[in-house]
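Coordinate analysis (summary)
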Amino acid sequence: MRTQETKKGGSFLTRIFIPQKGDTSRQIAGKIIADAAVLLILAALVAGGLVIHKYSRNSELQEPAKNYPQPESMATSSRTESVPPEEDFENLYMPETPVLNPELGILDDFTELYETNPDVVGYLRIPGTPIDTAVVQGEDNVYYLDHTIEKTYNAFGVPYADYRARIEKDYQSDNITIYGHAARDGSLFGAVKEYSDVEYYREHPVLTFDTIHGKAQYKVVAAFLARVYTGSSPTMHPEEFNYHMFVEAEGNSADFDQFMEDVYKRSYWINEDVDVSFGDKLITLSTCDSEINAFAAPTDYRRVLIARRMRQGENMNVDVSKAVANEDMIMPKAWQDKFGKENPYK
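The structure presented is a predicted model; accordingly, all values stated were derived computationally and were not measured. (Residues numbered from 1 in each chain as written. Predicted model: local features only at pLDDT ≥ 70, side-chain atom pairs only at ≥ 80, totals over all residues. Heavy atoms only, no water.)

1. Some details on the overall build of the protein
Each helix and strand counted, the protein has 9 helices and 10 strands in total. Looking at the protein as a whole, 37% of its 346 residues are labelled buried. At a minimum sequence separation of 6, the contacts of the protein that also span at least 24 residues come to 62%. (Helix = DSSP H or I, 4+ residues; strand = E, 2+ residues; numbered from the N terminus. Buried < 20%, exposed > 50% of the residue type's maximum accessible area, 1.4 Å probe, protein only. Contact = heavy atoms within 4.5 Å.)

2. Notes on the side chain of Thr284
Turning to its location among the elements, Thr284 is positioned in strand E8 (residues 282-288). Residue classification places Thr284 among the buried positions, given a relative accessible area of 0%. With near-sequence residues (within four places) excluded, Thr284 lies in contact with Asn175, Ile176, Thr177, Ile178, Tyr243, Val304, Leu305 and Ile306.

3. Considering the pairing of strand E5 (residues 206-211)
Most of E5 is tucked away: 6 of the 6 residues are buried. Residues Val206, Thr208 and Asp210 line one face of E5 and the alternating positions Leu207, Phe209 and Thr211 line the opposite face, and both faces are buried. With 4 bridges joining them, strand E1 (residues 120-125) and E5 adopt antiparallel strand pairing. Looking across to E5, one finds that Arg125 is bridged to Thr208. Note: E5 against strand E6 (residues 217-227), 3 bridges, orientation antiparallel. What sits directly across from Thr208, in E6, is Gln217. Hairpin connection of E5 to E6: 5 residues between the antiparallel strands. (Pairing = 2+ DSSP bridges.)

4. A short note on the pattern of salt bridges
Oppositely charged side chains are able to pair whenever their charged atoms sit close together. Going through the model one piece at a time under the given rule, you end up with 20 salt bridges. Across the salt bridge formed by Asp162 and Arg164, the nearest N and O atoms sit 2.7 Å from each other. Judged by its relative accessible area of 30%, Arg164 is partly exposed. Here Glu239 ties to Arg227 by a salt bridge, and the two come within 3.0 Å at their closest N and O atoms. In this pair, Glu239 is assigned in the loop between E6 and helix H8 (253-264) and Arg227 in strand E6, connecting sequence segments 12 residues apart. Judged by relative accessible area, Glu239 falls into the buried class, the value being 4%. (Salt bridge = Lys/Arg side-chain N within 4 Å of Asp/Glu carboxyl O.)

5. Examining the environment of Ala165
The residue Ala165 is located in the loop between strand E3 (160-161) and strand E4 (175-179) in this model. Ala165 sits in the buried class, given a relative accessible area of 7%. When the C-alpha atoms of Ala165 and Ile178 are compared, they prove to be 9.7 Å apart, with 13 residues separating the residues in sequence.

6. Focus on the confidence of the model for the protein
Summing up the model confidence of the protein, the mean pLDDT is 81 and the portion of residues at 70 or higher is 72%. Across residues 1-10, confidence stays below pLDDT 50; counting only partners more than four residues off in sequence or on other chains, it has 0 contacts. Under a pLDDT of 50 for its full length, residues 50-85 has, in the predicted model, 6 contacts with residues more than four places off or in other chains. (pLDDT = per-residue confidence, 0-100.)

7. A look at the packing of aromatic side chains
Tallied over the entire structure, the rule returns 13 aromatic pairs. Ring centres of Phe241 and Tyr243 lie 6.1 Å apart, and the angle between their planes is 65°; this geometry places the pair in the edge-to-face category. An identical accessibility class is assigned to Phe241 and Tyr243; each is buried. Seen from their ring centres, Phe246 and Phe256 are 6.1 Å apart, and the 65° between their planes marks the pair as edge-to-face. Of this pair, Phe246 sits in the loop between E6 and H8 while Phe256 sits in helix H8; the two residues are 10 residues apart in sequence, bridging distant segments of the chain. Feature note: the residues Phe224, Phe241, Tyr243, Phe246, Phe256, Phe259 and Phe278 constitute an aromatic cluster, connected by ring pairs. (Phe/Tyr/Trp six-rings, centres within 6.5 Å; stacked < 30°, edge-to-face > 60°.)

What follows is the structure in structure tokens.
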């Protein structure tokens, strides 16, 4: 029964699409047109199926993998380019090209100060603190203790660089110590004492020291209390640290490394984010301490802050979250005794 129906169905389709004997020319033309239309419809259906399959496949490939790690090539960030993104350049330290006064041969910004006093060698600033002052350099480390930039007498004087340091157009000493008084109201070098608090350091990790020959920024690397040797005793005691005597490494990396080791073991805190290497330039801010013997003058104790000049091309930002208190810092004997701490010198 089904065979007969199939034959009838097939015979019917044959009569519709295949020209038969006895068909008129009009019928033959109609069947050819019908055949062509069917073929076009079938071709369109096949092409559409291929397109749908292609886009469906692409969609599957673009969908993030689930429960499987991405291939390393896909997981790599686009920031691994050899050239850093444009926004990173804004954080790289690039010293300004000096604009010199043609007559004086110094930075044009210093013209007025230099004409006031040719002993002016720089300008020191720590943003957010009272330290914002000109720096002079005399023939000794005494005169500007009690003389202003106008060379008039004043008990507070003006901050001055150690007379042994070289601050020249083409050379700067490895370490320039700058001395200044700390007023009771916190002015002048009073902020140097505040760096005993790691939180204060975190808020002020960078300073500026422009010389008459060029501008520069520095990263603070250490702060400590030290007793200096004044010659009142025949020999230095192990607790005494004459940091101000280190001016030049003289090409000796061992001397530089030893100096930094002595600094770090005394520092109130340590920040591993800021490294110091032989060849770096340092400045040291020094002021008299009043914590141990508040009413004694003069005193052998000093509060000290050390900063390292930024290197060209390095990131100016400081990760202060890495700064931690130095639990094993070495302090002078008098401080150990006054505050009941263990004295490593007994």
